[in-house]
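Descriptive analysis of the structure
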Amino acid sequence: MAVSLEPRPLLATAVRLAAASNAEPRSPAVRIGIHAGPVVSRGGDYFGATVNLAARVAGYARARQILCTAAVVTAVGPDAATFRAAGVANFKNVAQPVPLFVVEGVAAALTALAVDPVCRMCLDPSTAPARLEWGGRTYHFCCTACADKFAAAPESYRVG
């Protein structure tokens, strides 16, 4: 979790963090969720509805994706990044549906990397230790154990 008084520098940091992490082969594929609003600070930790929603948005994001709420888009302004509407999501312990936005351009530079659907590790497809075909698509894996888990129940893994 990262906290900032201003959402604009936090968004810039998230973009740089995602690009650096995702460009490193065999690192976990990051998923980032950002929300803006008031938080409660206590004992070096942060609490509240804003933190809860940011965590839910991060959990909803796909590998190599930064998702944010309308509060972030409004707070940073249209010149801070390119945002694409990603639909509306319903989250546990959040009363209203939440419109989400993808921060564009982050994944575009990372298309050469594959993501292991089991452990979410970023891989160079040309050197991935294991590959499987399923549903007309090739999946890459960091090891045969991940490939075996996927082969046992491919429909249970969120891909793409």
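Overview of the structure. Just so it is clear, the structure is predicted and the values come from calculations on it, not from any experiment.

**A closer look at the pairing of strand 10 (residues 137-141)**
Of the pairings in the sheet, the one linking strand 9 (residues 130-134) to strand 10 comprises five bridges and is antiparallel in character. Paired with tryptophan 134 across the two strands is arginine 137, which belongs to strand 10. Taking the residues that link successive antiparallel strands as the turn, the strand 9-strand 10 hairpin has two residues, and the phi of glycine 135 there is positive, at about 60°.

**Examining the nonpolar core**
Soluble globular proteins tend to bury their nonpolar side chains together. Core analysis: the biggest nonpolar cluster contains 15 residues, and Leu11, Ile34, Ile66, Cys68, Phe83 and Val103 have the highest contact counts within it. Mapped by element, the contributors of at least two residues to this core are helix 1 (7-22), strand 1 (31-34), strand 4 (65-69), helix 3 (70-76) and strand 6 (98-103). Per element, the largest residue contribution to this core is four residues, and it comes from helix 1. In this structure valine 103 touches Leu11, Val15, Ile66, Cys68, Ala81, Thr82 and Phe83, once residues within four positions along its chain are discounted. Ala128, Tyr139, Cys146 and Ala147 belong to the second largest nonpolar core, which has 10 residues in total.

**Some remarks on the pairing of strand 6**
A large share of strand 6 lies buried, amounting to five of its six residues. Across three bridges, the pairing between strand 4 and strand 6 is antiparallel. Across the sheet, the residue bridging to leucine 67 is valine 102, located in strand 6. In this sheet, strand 6 lies alongside strand 5 (residues 83-89) in antiparallel orientation, the contact comprising five bridges. By the bridge assignment for strand 6, alanine 89 is matched with valine 98.

**Observations regarding the side chain of threonine 69**
Tracing the backbone through its elements, the reader meets threonine 69 in strand 4. Residue contacts for threonine 69: discarding those within four places in its chain leaves Ile34, His35, Ala36, Leu53, Val57, Val98, Pro99, Leu100 and Phe101.

Definitions and cut-offs
- Residues numbered from 1 in each chain as written.
- Predicted model: local features only at pLDDT ≥ 70, side-chain atom pairs only at ≥ 80, totals over all residues.
- Heavy atoms only, no water.
- Pairing = 2+ DSSP bridges.
- Helix = DSSP H or I, 4+ residues; strand = E, 2+ residues; numbered from the N terminus.
- Core = buried A, V, L, I, M, F, W, Y, C linked by side-chain atoms within 4.5 Å.
- Buried < 20%, exposed > 50% of the residue type's maximum accessible area, 1.4 Å probe, protein only.
- Contact = heavy atoms within 4.5 Å.

None of this, on its own, says anything about what the molecule does.
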